[in-house]
Amino acid sequence: MKTLRQLRSNIGILLMARRNRLDLVKALVRRPQLAFATMAFEMGVATSARVDPRLKILAELKTASIVACEYCLDIGSALARHEGLSERQLRDLPIHATSDAFDEEERTVLDLAEAMTR
């Protein structure tokens with residue numbers, strides 16, 4: 001039940017995204033095996049209950065900003081708003097270490113995401 005709710009929520013957010021929302025879909029249509037694997041991976045991450053969804057989104061957005069993935073930033077920011085992250089937190093991602101918009105746990109997650117991405 002939780003998985004279906006998460007899937008429905010993610011599809012709704014994908015449809016509301018401003019740009020780039022169909023770029024990945026267009027690319028994956030030509031590669032059905034990759035499409036299936038991507039979907040399975042994304043659902044596994046989305047429904048994993050071991051990490052707070054807000055922290056997962058923060059890590060994903062930090063990584064997307066470092067690698068400059070417009071698709072990931074667009075969809076990720078929509079998901080982040082849905083999870084309750086503030087506009088200030090989204091704006092302060094590049095300066096997370098000195099921003100008071102993040103608590104210690106969030107800074108640790110962002111530091112880890114940055115280190116792993118670099």
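Structure first, text after, so check above.
Presented here is a report on the structure given in the accompanying data block. Note that the coordinates shown come from a computational prediction; the quantities given were computed from them, not determined experimentally. (Residues numbered from 1 in each chain as written. Predicted model: local features only at pLDDT ≥ 70, side-chain atom pairs only at ≥ 80, totals over all residues. Heavy atoms only, no water.)

Moving on to the overall build of the chain. When helices and strands are counted, the chain shows 7 helices and 0 strands. The helix and strand sequence of the chain, counted from the amino end, reads α-α-α-α-α-α-α. Scored against the burial criterion, the 118 residues of the chain give a buried share of 31%. Considering only residue pairs separated by 6 or more positions, the chain has 58% of its internal contacts joining residues 24 or more positions apart. (Helix = DSSP H or I, 4+ residues; strand = E, 2+ residues; numbered from the N terminus. Buried < 20%, exposed > 50% of the residue type's maximum accessible area, 1.4 Å probe, protein only. Contact = heavy atoms within 4.5 Å.)

Residues I57, L58, L61, A80, L93 and F102 are the most contacted members of the largest nonpolar core, which totals 15 residues. Listing elements by their share of this core, those giving two or more residues are α4 (53–67), α5 (70–82) and α7 (104–117). If we skip the residues at most four places from it in the chain, F102 touches L58, Q89, D92, L93, H96, R107 and L110. (Core = buried A, V, L, I, M, F, W, Y, C linked by side-chain atoms within 4.5 Å.)

Glancing now at the pattern of salt bridges. Across all of its chains, the model carries 6 salt bridges by this definition. With its nearest N and O atoms 3.5 Å apart, the salt bridge here joins D92 to R88. Residue classification places D92 among the buried positions, given a relative accessible area of 12%. Among the ionic pairs, E104 bridges to R107, the shortest N-O distance being 3.6 Å. Taken as a pair, E104 and R107 lie in helix α7 at a separation of 3 residues, close to a single helical turn. Classification of E104 by relative accessible area gives exposed; the value is 57%. Judged by its relative accessible area of 17%, R107 is buried. (Salt bridge = Lys/Arg side-chain N within 4 Å of Asp/Glu carboxyl O.)

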